[in-house]
Amino acid sequence: MKVLSIQSAVAYGHVGNSAAVFPLQRIGVEVLPVYTVTFSNHTGYGAWRGPLISPDDVREVITGIEERGVFPQIDVILSGYQGSEGIADVILDAVARIKAANPAAIYACDPVMGNAKSGCFVAPAIPVLLRERVVPAADIITPNQFELGYLTGTEPDTLESTLHSVDLARAMGPRTVLVTSVERPDRDEGTLEMLAVDNDGAWIVSTPQLPMKANGSGDVTAALFTAHYRRSGDAADALARAASSVFDLLQNTLDSGERELQLVESQEAYAHPRMQFAVRQVR
């Protein structure tokens, strides 16, 4: 499997491609990383250095890949945080060109906008652009519950309302939706859930909710779920594998006392997930 991953990069720590690439490689996926920024560290520190990469330069890198004759071999285009409107145009153009070369290729979009605690943390034009142009072009989307609500103009909270919001999102274009953080009032105390829905059904998995915030964990989740799903076509299996791997990554990070994801130290969790959480079909 070959994945073209168009995301940010940091020298220190793990977000964007600096979070997604190694776990994908560890499960045997060939990754072609294309960077949209090259920062010293993620912006959550409040200070960082390094350049934004212009959309024209990102396009040039992708064109160079095309000139090597690689497009027919690409199975997945993956994108995450989009810092500018121009990057979206580049991504959508790449998706169209790759799908023309390989009609079996899929586009997986993590529609990064914000979360329930922080609200939107991207430029005001980005959520509109994601909703109106990017998400309709995607085959898979991996929003959190807050982002799902924005995309669909709803306020999902219960399982029923979240499933309804997912149906509205799927009607926009994507056939597969992974909701990466379902927080419903009737869930077991101290747990967090993820929900995957495709044409074959809907499945939910519950894991302990760890007392931490880990930048980059969503990038790892989107990458692993997408790769497993593309490989097997089984949303329940992809959900179980991603949940197992990411939980162990987060537990290892919490145990370490470090702020940054213990990405390399947790590599066995990607290669050999413990499959310790039961996936339940809810539709």
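Since this is a predicted model, take the numbers as computed values, not measurements. (Residues numbered from 1 in each chain as written. Predicted model: local features only at pLDDT ≥ 70, side-chain atom pairs only at ≥ 80, totals over all residues. Heavy atoms only, no water.)

(A) How the structure looks around the nonpolar core. Formed by 44 residues in total, the largest nonpolar core has its most connected members in L4, I6 and L195. Of all the elements, helix α3 (residues 85–101) adds the most residues to this core, at 8 residues. Once you skip the residues sitting within four places of it in the chain, L195 turns out to touch L159, T162, L163, V166, V177, L178, V179, V182, W203, I204 and V282. Counting residues in hydrophobic clusters, the runner-up holds 41 residues, among them L178, A214, A242 and A269. (Core = buried A, V, L, I, M, F, W, Y, C linked by side-chain atoms within 4.5 Å. Buried < 20%, exposed > 50% of the residue type's maximum accessible area, 1.4 Å probe, protein only. Helix = DSSP H or I, 4+ residues; strand = E, 2+ residues; numbered from the N terminus. Contact = heavy atoms within 4.5 Å.)

(B) Just helix α1 (residues 17–26), in detail. Buried residues dominate α1, accounting for 7 of its 10 residues. Regarding α1, the residues found buried are N17, S18, A19, A20, V21, P23 and L24. Buried residues along α1 sit in contact with β1 (2–10), β2 (30–39), β3 (76–79), α7 (217–232) and α9 (267–271). Two residues or fewer after α1 comes G28, characterised by a positive phi angle close to 90°.

(C) Layout of the packing of helix α5 (residues 145–152) against helix α6 (residues 159–171). The N-to-C vectors of α5 and α6 enclose an angle of 55°; their axes lie 9 Å apart at closest approach. Classified by the interaxial angle, the pair formed by α5 and α6 is oblique. For the element pair α5 and α6, the recorded crossing hand is left-handed. Across the interface between the two elements, Q145, L148 and T152 from α5 touch T162, S165, V166, L168 and A169 from α6. (Axes fitted to C-alpha atoms, helices over the stretch in contact; angles between N-to-C directions. Parallel < 35°, antiparallel > 145°, perpendicular 65-115°, else oblique. Left-handed = near helix turned anticlockwise from the far one by under 90°.)

(D) Highlighting the pattern of salt bridges. Taken as a whole and judged by the stated rule, the model has 15 salt bridges. The residue D186 makes a salt bridge to R184 at a minimum N-O spacing of 3.2 Å. Relative accessible area serves as the criterion here: at 55%, D186 is assigned to the exposed category. Under the relative-accessibility criterion, R184 is labelled buried at 8%. Among the salt bridges present, the one from R274 reaches D248, with a minimum N-O distance of 2.8 Å. Of this pair, R274 sits in the loop between α9 and β11 (279–281) while D248 sits in helix α8 (residues 235–256); the two residues are 26 residues apart in sequence, bridging distant segments of the chain. The class for D248 is buried, based on a relative accessible area of 10%. (Salt bridge = Lys/Arg side-chain N within 4 Å of Asp/Glu carboxyl O.)

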